[in-house]
Amino acid sequence: MSTDKTLTPRLVKKLWLAFIILIVVIGASYIFITGYFDNKHSEATIQKINASLANHLIEEKFQDASPFLVDGSVNKALFGDLMHDMMAVNRSIEVYLTDKSGHILYSVVLDHSADSDVKSVSTAPIKQFIAAKGEKYILGDNPRNPEEKKIFSAAPYNIEGKEGYIYIILAGQELQQVSDTLIGRYYSNLGIGASLLAILFAGIVGFISIWFLTKNLRLMTGTVRRFQEGDLEARIENPKNSDIEVFANTFNEMADTIVGNLDKMKSVDQLRRELIANVSHDLRTPLAILKGYIETMQMKKDSLTDTEKQEYLQITYDNADKLSKLINQLFEYSKLEAEQITPVKEPFSITELSHDLIAKFNVLAQQKEIDLHLNNAQENCMVFADIGLVERALQNLLENALKYTPPKGVVVLSIKQNNDQVEINIRDTGTGIPLSEQPFIFDRYKQVDSSIKKQGHGLGLAIVKKIMDLHDTTITVLSKPKEGSSFIFKLPAYHV
Ligand code: ADP
């Protein structure tokens, strides 16, 4: 049996021991119970067969000779002979002559010397026996041992004015002694036989039971081993049917978690590779421009006009600025990605924060002739969130809105409270985003398809999405090319 692969040898030993103990206990109980009832049964049989023995004695033997002498005393000679005859034929019986109230008048098995106690037996079972005509199993007193009850036969006599009973103990002392010596041997033989059988049965039953008990366990161990060896698809089938449903379910859940974590790790790894590849590409463009203009200025420093010099310097400055922004974004994004930032949530006024941001961006908006304003400015909405992160998200969204909206356009930040949530909407009348690009704008570095990727873009929306994730919320975009875009997200309201 392959239990050694499934169960530890200690557990197998314990199971065997349990089986042996179980079988021994059941066997011993069986022997005890059958022994007890067998004894009762044979006693009842003996009593029934010998029911008329006492009657027979009176009818046969006392017809011709009275058991009493003329002076009223017991005819011991006659009675003695009679009893010896009977007891010689059946050594298991003891015959007693009693008076009406159960006092023993004579018996050859008792000591009738003057100083011995006169024994007596209870007449109730005798009367019961006579009334039932020997059909019932009744136990009576044993004159030789008052503590003990014995099967008997009894019959009343009425001879020469004397009344009483002939009381015959059917399983007398001799039978008891013989039986006691035999029973010892019987039980020791039975004990050895039963023990051998118990061991044999324990072996067979134990083997079969352990095989059945460990059948599912073996299947489960096999599955766990397959998983350990790298088969990540390995799961315990029908856990409800297995003997250890909790274990099966726990293993399946654990395997799902491990596989999920592995997938997550793989995708994070993949994302990092793509990010590095894309970012290095994005860094190269402004760097190349910077280098190109600086070289041109070095070579043509004498022939360039002041206006040209100014223009070249502006271009180098813009590209250096772009580079620095991208590096900052990258730094911020990687910190969010590595989950190094934990939001510190607190109640704050999103209305006030929006006012401040609008004021900050208004200079840029005015330069671009864009109408930037806040809706519902009169209401003060409180939210429960990380103020720094929410400010960063709003900044990125406003920057984008201003960047992609042409002059004379409109950018509106609206705040609306609905019971437990505050909805924030940044709407612009800008270029809009084609439907095909919309699913990718929040994690564009995941995109491998170069037809979707654009050159020189930062990580603004990817950072916004990470901030939303940290607040267990989502951001949605509604946009139509040439009509404009709306970026909408919700934060939990804080009720003062
Ligand atoms: P960046 O703006 O630096 O390219 P973002 O992650 O902020 O990077 O934006 C990703 C892309 O989503 C942008 O390249 C742009 O195509 C699109 N986008 C974002 N916001 C807007 C907007 N308000 N209007 C139109 N397009 C937008």
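Residues numbered from 1 in each chain as written. Predicted model: local features only at pLDDT ≥ 70, side-chain atom pairs only at ≥ 80, totals over all residues. Heavy atoms only, no water.

### Details of the overall build of the protein chain
Reasoning step 1: Helix and strand counts for the protein chain stand at 12 helices and 12 strands.
Reasoning step 2: For 496 residues, the compact-globule estimate of 2.2 N^0.38 gives 23 Å, and the C-alpha radius of gyration of the protein chain, at 55 Å, exceeds that figure by more than 25%.
Reasoning step 3: Across its three principal axes, the protein chain shows a C-alpha extent of roughly 175 × 55 × 40 Å.
Reasoning step 4: Within the span of the protein chain, comprising 496 residues, buried residues form 36% of the whole.
Reasoning step 5: Partitioning the contacts of the protein chain with sequence separation of at least 6, the portion at a separation of at least 24 is 66%.
Reasoning step 6: Of the roughly 29900 Å² of accessible surface on the protein chain, 57% is carried by carbon and sulfur atoms.
Reasoning step 7: On the protein chain, the mean spot of the 54 positive side-chain charges and the mean spot of the 62 negative ones are 6 Å from each other. (Helix = DSSP H or I, 4+ residues; strand = E, 2+ residues; numbered from the N terminus. Rg over C-alpha atoms; globule rule 2.2 N^0.38 Å. Buried < 20%, exposed > 50% of the residue type's maximum accessible area, 1.4 Å probe, protein only. Contact = heavy atoms within 4.5 Å. Areas by Shrake-Rupley, 256 points an atom, 1.4 Å probe, with all protein chains shown as cover. Lys, Arg positive; Asp, Glu negative; His and termini not counted. Charge placed at Lys NZ, Arg CZ, Asp CG, Glu CD.)

### What about the UniProt feature "transmembrane region" (unreviewed entry) in the protein chain?
Reasoning step 1: Per the UniProt record, "transmembrane region" (unreviewed entry) is found at residues 15-37 and 190-213.
Reasoning step 2: Secondary structure content for residues 15-37 is 100% helix and 0% strand, while the C-alpha to C-alpha distance between its ends is 33 Å.
Reasoning step 3: Structurally, residues 190-213 comprises 100% helix and 0% strand, and the distance from its first C-alpha atom to its last is 32 Å. (UniProt positions renumbered as here; feature names shortened; annotations may be inferred.)

### Things to note about the sheet that holds strand 1 (residues 94-99)
Reasoning step 1: One open sheet accounts for 5 strands, arranged 2-1-5-4-3; its pairing is antiparallel. At either margin of the open sheet sits one strand with a lone partner, and together these are strand 2 (104-106) and strand 3 (139-141). Within the sheet, the average angular offset between the axes of one strand and its neighbour, ignoring direction, is 45°.
Reasoning step 2: By the bridge criterion, 2 bridges tie strand 1 to strand 2 in an arrangement that is antiparallel. When the sheet's bridge partners are listed, Leu97 is paired in strand 2 with Tyr106. (Pairing = 2+ DSSP bridges. Axes fitted to C-alpha atoms, helices over the stretch in contact; angles between N-to-C directions.)

### Some thoughts on the sheet that holds strand 12 (residues 484-492)
Reasoning step 1: Across the sheet, which stays open at both edges, the 5 strands sit in the order 7-9-10-12-11 with mixed pairing between neighbours. Both edges of this open sheet fall to strand 7 (371-374) and strand 11 (475-480), since each of them pairs with a single strand only. Strand after strand, the sheet turns through a mean of 15° between neighbouring axes, direction not considered.
Reasoning step 2: In terms of strand pairing, strand 11 meets strand 12 through 6 bridges, oriented antiparallel. Across the sheet, Lys480 pairs through a bridge with Gly484, a residue of strand 12.
Reasoning step 3: Helix 10 (residues 350-367) contacts strand 7, strand 9 (410-418), strand 10 (421-428) and strand 12 of the sheet and is inclined by roughly 170° relative to strand 7.

### As for the pairing of strand 4 (residues 149-159)
Reasoning step 1: The buried fraction of strand 4 amounts to 8 of the 11 residues, a majority that puts the element mostly inside the structure.
Reasoning step 2: As paired strands, strand 4 and strand 5 (residues 162-169) are joined by 8 bridges and run antiparallel to one another. Counted as the bridge partner of Phe152 is Ile169 from strand 5.
Reasoning step 3: Connecting strand 4 to the next strand, strand 5, in antiparallel fashion are 2 residues, including Glu160 with a positive phi near 50°.

### Here's the deal with the side chain of Asn425
Reasoning step 1: The residue Asn425 is located in strand 10 in this model.
Reasoning step 2: Relative accessible area serves as the criterion here: at 16%, Asn425 is assigned to the buried category.
Reasoning step 3: Asn425 has contacts with Val412, Leu413, Ser414, Ser486, Phe487 and Ile488, leaving out every residue within four places of it along the chain.

### Quick word on the nonpolar core
Reasoning step 1: By size, the foremost hydrophobic cluster in this structure holds 48 residues, and its most contacted members are Ile350, Leu394, Leu413, Ile424, Ile426, Phe487 and Phe489.
Reasoning step 2: Per-element accounting of this core gives the leading share, 8 residues, to helix 11 (residues 387-403).
Reasoning step 3: Ignoring sequence-local partners within four residues, the contact set of Ile426 consists of Leu394, Leu397, Leu398, Ala401, Val412, Leu413, Ser485, Ser486, Phe487 and Phe489.
Reasoning step 4: With 24 residues, the next largest nonpolar core counts Ile58, Met86, Ala155 and Ile168 among its residues. (Core = buried A, V, L, I, M, F, W, Y, C linked by side-chain atoms within 4.5 Å.)

### Quick look at the packing of aromatic side chains
Reasoning step 1: Scanning the model with the defined rule gives 10 aromatic pairs in all.
Reasoning step 2: When the ring of Tyr96 is compared with that of Tyr167, the centres are 6.3 Å apart and the planes differ by 50°; the resulting orientation is tilted. Taken as a pair, Tyr96 in strand 1 and Tyr167 in strand 5 lie far apart in primary sequence, 71 residues in all. Taken as a pair, Tyr96 and Tyr167 share a single burial class, namely buried. (Phe/Tyr/Trp six-rings, centres within 6.5 Å; stacked < 30°, edge-to-face > 60°.)

### As for the packing of helix 9 (residues 306-337) against helix 12 (residues 460-470)
Reasoning step 1: At a minimum axis separation of 10 Å, helix 9 and helix 12 run at an interaxial angle of 30°. With respect to helix 12, the axis of helix 9 lies roughly parallel. Here helix 9 runs over helix 12; the crossing is left-handed. Together, Gln329, Glu332, Tyr333, Leu336 and Glu337 of helix 9 and Gly460, Ala462, Ile463, Lys466, Ile467 and Leu470 of helix 12 make up the contact between the two elements.
Reasoning step 2: The residue inventory of the contact of helix 9 with helix 12, partitioned by class, reads 6 nonpolar, 2 polar and 3 charged. (Parallel < 35°, antiparallel > 145°, perpendicular 65-115°, else oblique. Left-handed = near helix turned anticlockwise from the far one by under 90°. Nonpolar A, V, L, I, M, F, W, Y, C, P; charged D, E, K, R; others polar.)

### Here we look at a nonpolar patch on the surface
Reasoning step 1: On the surface, Leu197, Leu200, Phe201, Ile204, Val205, Phe207, Ile208, Trp211 and Phe212 cluster together to form a nonpolar patch covering roughly 850 Å² of accessible area.
Reasoning step 2: Judged by relative accessible area, which is 43%, Phe201 ranks as partly exposed. (Patch = residues over 30% accessible without salt bridge, like charges linked within 9 Å, V, L, I, M, F, W, Y side chains within 5 Å. Salt bridge = Lys/Arg side-chain N within 4 Å of Asp/Glu carboxyl O.)

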